[in-house]
Amino acid sequence: MAPFPYTITDISLLYVEDEPEARGMLSRMLALNYPGLRIHVAENGITGLEIFREFRPHIVLTDLNMPVMSGIQMAREIKALEPEVVTVAVTAYSDTSYLLSAIEIGIHNYVLKPVNYADLFRVLDTILEKLMLQRLVDEQDERIRRREQQLSLAQKVAHLGSWEWDAATGAAAWSDELYRICGMEPGQAPASWRAFLALVYQEDRATVERALARAFELREPQVSQYFRLVRPDGSIRVISAHSELICDEGGRPRSLIGTCHDVTDSETAQAALRASEQRFQKIFQATPDLLSITEAQEGVYLEVNDAFLNDLGYRRDEVLGRSEAELGIWARERELRGVLRALEELGELRDLEVHLRNRQGRVLSGIISAQYLDINGRRCILTLFKDISERKRIEEELARLASIVESSDDAIMATDAEGLITIWNQGAERIFGLKADEIKGRHLTALAPTERKDYLSQQCRLCCRDGEVGHLDLPYQRRDARQIQVSITLSPLRDAYGALLGLSGIARDVTRRSEREETIRHLALHDPLTDLPNRKLFMDFLALELAQARRNRRSLAVLFLDLDHFKQINDTLGHAAGDLLLQAVGQRLKGCVRESDTVARIGGDEFNVLMPDLHQTDDVGTVVGKIIGVFETPFLLDNVEVAASTSIGVSMFPNDGDSSAELVQKADSAMYVAKQRSGNTYQFYNDEINTRTAKRQKLERQLYQAIKENQLLLEFQPLVRIDTGKVVGAEALLRWQHPEEGLLFPSQFLSVAEETGIIVPLGEWALRSACAQMKRWQERGHAFTIAVNLSNRQFHRPNFVESTQELLAETGLDPSALELDLTEYAIMDDLDSSMRHMRKLTDLGVHFTVDDFGTGSSSLQCIRQLPIERVKIDRSFIRDILTQSDDLAVVNAVISMSHNLGMKVNAVGVESQEQLELIRSKGCDEVQGDVISKPLPPEQFEVLVANL
């Protein structure tokens, strides 16, 4: 967004917004984009009205829906104070009632939230350009008015009246002074040639008529004569008259212009002459145009006025007595020669465009008039130069703007006061597919479809009546059947006196922009996989419905759904099948809720359902029953039937919370309780869940404290070779010495650590402590390895390999003494990441073991590709191995498969001598369990190792 291209001076803007973040952001954007614009900021309508009364800004930018006083009420009161102020609305409401209210009070533009800064700045650019252009036009009008007053004053002072007569129409015009010379007030009688002749003394009338007839017949350019006038009061005045015949290019008379000078009494005339000379000097000096008197032969300056000196930058003593050639005032020598030649041929010169150069070298464009004067028998030249540099600049600017208008890609058009199109640029031809000669003369409503013609006509009338800029969007079907969307801005066109000339309009084809904006808005607020509302849109809906529920004293429900075992479906059937399942679930959910309910996918395998306007809680139970019912039918994914279930948590307003975040969080907590049961269950939030949630949050805080205050410790359980009975490793097991509850085992706190993410710093502490302990044992001569369990989150961190290398370097432990235990789930959760991390650490010498083998979904193909040295059979298969033939079959299969792949097998959780003898007979390599030893503190573990 480029800053405003023109310099802004003496223009101010009032920005009213009740939302602090939006107010601060847009205020900064306005200051950046419009340097020089004075910006006043208010947080509500009352403050905005007070600021307006004090500073009277030119533009008001306001939100409509605000506390204390609405933007609409504030704008209405501002309009009463200052009808010409330009008002722009910025609001999130786009319904018809708001638009009509905005139009009724004369708001110029309506910009929707969230604010598109490019659109808002285009609106403000247009407003600022119009304000600056209107200021320029007003200045020019005032300059012209002053000059006309000066000319009228000059004629009055000189008693010199002027007149003009049109040869074709016979129309005549008299100056105010001519009326006075004739003894009448200006405008007292209609000006005409016959009326003037009627005032001429009867004996002189024929002479006057013959002189003018001769001028027409012989085409004499100038006629001078004396005659008498008889005023209405009977007094007689002697007139010295001069007239000039103006002909067209064919030599035919076009008009006659002239002057009348009252020279009645010679004595009076002499006295008047002296006074006249004084008046002439005053007028000469007071004239705003550049006046000079030069000697005709040498061009020496005899007199110049103050305007001449000021505009050209000279002192009077630097000019008088010097020639035009010496000063170099004429920018183009050929123009000076042309003026002198014309004077020699015609005796005078009128309105020739020439160029002068001021002392600083700047060239001034102007219109020059000149005539010969006789001063004490000396032939001189009186020259008047009217500086039109500013007018030329404006004309060039207007020509440039006209070129821009014609070449603009936007459709630019104008109408007359009746709404008939008079201007239609090439951009309009391209956008609407209509040539200028096809559309000119037709009403502007021809651009609107039948059902919108009345609306466009109404907008035109409002624009003309209120003089405000109007903005509207319309669909338009071109002749080639292509449907487009156009955005039209209408502005009133007025002449210098404020009379309405018609309308100007700018239309832009916003079809692609509208489609892109709609697509972007949709993508920003919807899940791309299921096309359901996403979390943001769901929370927006929830906030709106909460406000409605508070007003209407109604209940609403929030449902939090999580698919059971979705990860397993992804791992076994692939992510494509998982995506199909999510899409199918979304469709089924939409089919079983009420029309007023909202189904959203908020991430992963989680869905939310919003149920507003509830009369009783039983309504929720009915919908929840339907939801559970749709999961009873298997889902068909690429011709494969897949059974899926869900766990649902429910929170209610107002019973369970008053805010969106609180209701969602409590529905989430209730869902976790439901998930602890078998699939396809639901749970309403209650006090027990609240207590459990609070306990979990307390435990999370205490875990952070435990790391800081060194409340954690490690115990070690030996890994023993079955054939030799020697200790080959020590598995580090985390314990928490809780200050209130005593020694806690991982099963009592690791689930909370996994949910909250604190498992990562816990795991790093355990790994560092285990490596440091193993280094101390190595220094005492022990040669076994240390085994440390890794969580899924810790293992898949992007910097896990680097942090492990740093830890080994910090503790000084040989990497070959470190064994990292991973579950099948952790490996398969991100197989590519697992392979990269395991291969990099294996290259360093670190060993890997698959923990809890047999409970996950890994395949032999995956196991074969990974650098795994040992497989640990999960204790669930060892526990009933003596009585359950299925468990024994699994153990046999794992031992056989592992040995075939060159991996050792460790049996975990061996509690009895009978279990030990059985797995020994099956060829198991290592054993771990209470039959050897329970987990021990480091000192006791070292004693155990020495005795085995």
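Residues numbered from 1 in each chain as written. Predicted model: local features only at pLDDT ≥ 70, side-chain atom pairs only at ≥ 80, totals over all residues. Heavy atoms only, no water.

The protein chain appears in an unreviewed UniProt entry as Two-component system response regulator from Geomonas silvestris.

A. Local environment of helix 23 (residues 660–675). Here helix 23 spans 23 Å end to end across 16 residues, near enough to the 22 Å set by a 1.5 Å rise per residue. Those residues of helix 23 lying buried are S660, L663, V664, K666, A667, S669, A670, M671, V673 and A674. (Helix = DSSP H or I, 4+ residues; strand = E, 2+ residues; numbered from the N terminus. Expected span 1.5 Å × (residues − 1). Buried < 20%, exposed > 50% of the residue type's maximum accessible area, 1.4 Å probe, protein only.)

B. View of the packing of aromatic side chains. Using the criterion set out here, one finds 20 aromatic pairs in the structure. Between the aromatic rings of Y34 and F121, the centroid separation amounts to 5.6 Å while the plane-to-plane angle is 90°, which identifies the pairing as edge-to-face. You can see Y34 sitting in the loop between helix 1 (20–33) and strand 2 (38–42) and its partner F121 sitting in helix 5 (residues 117–158), a full 87 residues away along the chain. Ring geometry for W424 against F432: centres 5.4 Å apart, planes inclined by 45°, an arrangement best described as tilted. A relative accessible area of 4% places W424 in the buried class. Three or more aromatic residues link up through ring pairs in this structure, and these residues are W163, W174, Y179, W193, F196 and F227. Lying over the aromatic face of Y201, R228 brings its terminal NZ or CZ to 4.1 Å of the ring centre. Positioned above the aromatic ring of Y372 is the side chain of R379, whose terminal nitrogen or guanidinium carbon lies 3.6 Å from the ring centre. (Phe/Tyr/Trp six-rings, centres within 6.5 Å; stacked < 30°, edge-to-face > 60°. Lys NZ or Arg CZ within 6 Å of the ring centre and 35° of its normal.)

C. How the structure looks around the domain arrangement of the protein chain. Here the domain parsing of the protein chain yields domain 1 (12–130), domain 2 (159–264), domain 3 (287–389), domain 4 (408–515), domain 5 (532–567 + 587–685) and domain 6 (703–946). One C-alpha centre belongs to domain 1, the other to domain 6, and the line joining them spans 66 Å. (Domains from an automatic or database assignment.)

D. Region of interest: helix 19 (residues 535–552). For helix 19, spanning 18 residues, the distance from its first C-alpha to its last is 25 Å, which sits close to the expected 26 Å at 1.5 Å a residue. Buried within helix 19 we find L537, F538, L542, L546 and A549. Buried positions along helix 19 lie against helix 18 (511–525), strand 21 (555–563), strand 22 (598–603), strand 23 (606–614), strand 26 (646–653) and helix 23. By the N-cap criterion, in which a side-chain oxygen at the helix start approaches the backbone nitrogen of a residue two or three places on, helix 19 is capped by N534, the distance to K536 being 3.3 Å. R553 lies just past helix 19 and shows a positive phi near 55°. (Contact = heavy atoms within 4.5 Å. Polar contact = N/O pair within 3.5 Å; in protein donor to acceptor, adjacent residues only side chain to side chain.)

E. Region of the structure containing the nonpolar core. If you look at the biggest cluster of nonpolar residues, it comprises 76 residues, and the most contacted ones within it are I786, L818, L820, I919 and F941. When residues in this core are grouped by element, the largest group, 10 residues, is from helix 26 (residues 759–779). Ranked by size, the runner-up nonpolar core spans 33 residues in total, among them L532, L563, V620 and V642. (Core = buried A, V, L, I, M, F, W, Y, C linked by side-chain atoms within 4.5 Å.)

F. Expanded view of the side chain of T804. Structurally, T804 is set in helix 28 (residues 800–811). Sequence-distant contacts of T804, that is, excluding residues within four places in its chain, are made with L767 and L841.

G. Just the side chain of H40, in detail. Turning to its location among the elements, H40 is positioned in strand 2. A residue is classified by how much of its surface remains accessible, and H40, at 16% relative accessible area, is buried. In contact with H40, not counting residues within four places along its chain, are S12, L13, L14, Y15, I51, F55 and P57.

H. Expanded view of the packing of helix 28 against helix 30 (residues 831–844). In the contact formed by helix 28 and helix 30, the axes pass within 10 Å of each other and the chain directions differ by 25°. Classified by the angle between their axes, helix 28 and helix 30 sit roughly parallel to one another. In this structure, helix 28 crosses over helix 30, and the sense of that crossing is right-handed. For the pair helix 28 and helix 30, contact is made by F800, V801, T804 and Q805 and by H837, K840, L841 and L844, respectively. Taken together, the residues of the contact of helix 28 with helix 30 sort by class into 4 nonpolar, 3 polar and 1 charged. (Axes fitted to C-alpha atoms, helices over the stretch in contact; angles between N-to-C directions. Parallel < 35°, antiparallel > 145°, perpendicular 65-115°, else oblique. Left-handed = near helix turned anticlockwise from the far one by under 90°. Nonpolar A, V, L, I, M, F, W, Y, C, P; charged D, E, K, R; others polar.)

I. Spotlight on the pairing of strand 21. Most of strand 21 is tucked away: 8 of the 9 residues are buried. As judged from the 8 bridges shared by strand 21 and strand 26, these two strands associate in the antiparallel manner. Residue pairing in the sheet places V558 in a bridge with S651 of strand 26. (Pairing = 2+ DSSP bridges.)

J. Focus on a nonpolar patch on the surface. A grouping of L398, L401 and I404 is seen on the molecular surface, where their side chains present a nonpolar patch of about 240 Å² in accessible area. Among the structural elements, I404 can be located in helix 14 (residues 389–407). (Patch = residues over 30% accessible without salt bridge, like charges linked within 9 Å, V, L, I, M, F, W, Y side chains within 5 Å. Areas by Shrake-Rupley, 256 points an atom, 1.4 Å probe, with all protein chains shown as cover. Salt bridge = Lys/Arg side-chain N within 4 Å of Asp/Glu carboxyl O.)

K. Quick look at the pattern of salt bridges. Across all of its chains, the model carries 44 salt bridges by this definition. Between R122 and D119 there is a salt bridge, with its nearest N and O atoms 2.0 Å apart. With a gap of 3 residues between them, R122 and D119 both fall in helix 5, about one helical turn apart. Measuring nitrogen to oxygen at the nearest pair gives 3.3 Å for the salt bridge that ties E715 to R735. Placement of the pair is E715 in strand 28 (residues 712–721) and R735 in strand 29 (residues 727–738), with a sequence separation of 20 residues. The class of E715 is buried, set by a relative accessible area of 13%. Judged by its relative accessible area of 6%, R735 falls in the buried class. If you follow the salt bridges from partner to partner, you end up with R315, D317, E318 and R359 in one network.

L. The sheet that holds strand 15 (residues 378–387), seen in detail. The 5 strands are arranged 12-11-15-14-13 in an open sheet whose pairing can be described as antiparallel. The open sheet is flanked by strand 12 (301–304) and strand 13 (348–357), the only strands paired with a single partner. Across this sheet, the average inter-strand angle for adjacent strands is 30°, counted without regard to direction. Bridge count between strand 11 (residues 290–295) and strand 15: 6 bridges; the pairing is antiparallel. Along strand 15, the bridge assignment pairs T294 with I381. The sheet strands contacting helix 13 (residues 333–346) are strand 13, strand 14 (363–375) and strand 15, and the helix crosses strand 13 at an angle near 165°.

M. Representation of the UniProt feature "domain: PAS" (unreviewed entry) in the protein chain. Here the UniProt-annotated "domain: PAS" (unreviewed entry) positions come out as residues 276–323 and 397–444. Between the C-alpha atoms that bound residues 397–444 the distance is 28 Å, and the span itself is 46% helix and 21% strand. (UniProt positions renumbered as here; feature names shortened; annotations may be inferred.)

N. The arrangement of unusual backbone geometry in detail. Residues K113 and P114 are joined by a peptide bond in cis, for which omega reads -5°. Looking at the element boundaries, P114 is found in the loop between strand 5 (109–112) and helix 5. Of note in the backbone geometry, R56 takes a positive phi value of approximately 50° without being a glycine. Mapped onto the elements of the fold, R56 is located in the loop between helix 2 (45–55) and strand 3 (59–62). Here the phi dihedral of D613 falls at roughly 55°; this positive angle occurs in a residue that is not glycine. Tracing the backbone through its elements, the reader meets D613 in strand 23. Judged by its relative accessible area of 42%, D613 falls in the partly exposed class.

O. Geometry of the environment of N947. Mapped onto the fold, N947 is located in helix 35 (residues 938–947). Taking relative accessible area as the criterion, N947 reaches 65% and is therefore assigned exposed. Distance in space between the C-alpha atoms of N947 and K726 is 10.0 Å, their sequence separation being 221 residues.

P. Spatial organisation of the sheet that holds strand 8 (residues 222–230). Strand order in the open sheet formed by 5 strands is 7-6-10-9-8, and the pairing between neighbours is antiparallel. At either margin of the open sheet sits one strand with a lone partner, and together these are strand 7 (172–174) and strand 8. Each strand of the sheet is rotated relative to its neighbour by a mean of 20°, with strand direction disregarded. Of the pairings in the sheet, the one linking strand 6 (residues 160–166) to strand 7 comprises 3 bridges and is antiparallel in character. Note that in strand 7 the partner of W165 across the bridge is A172. Relative to the sheet, helix 8 (residues 202–218) contacts strand 6, strand 8, strand 9 (236–247) and strand 10 (253–262), its axis offset from that of strand 8 by approximately 160°.

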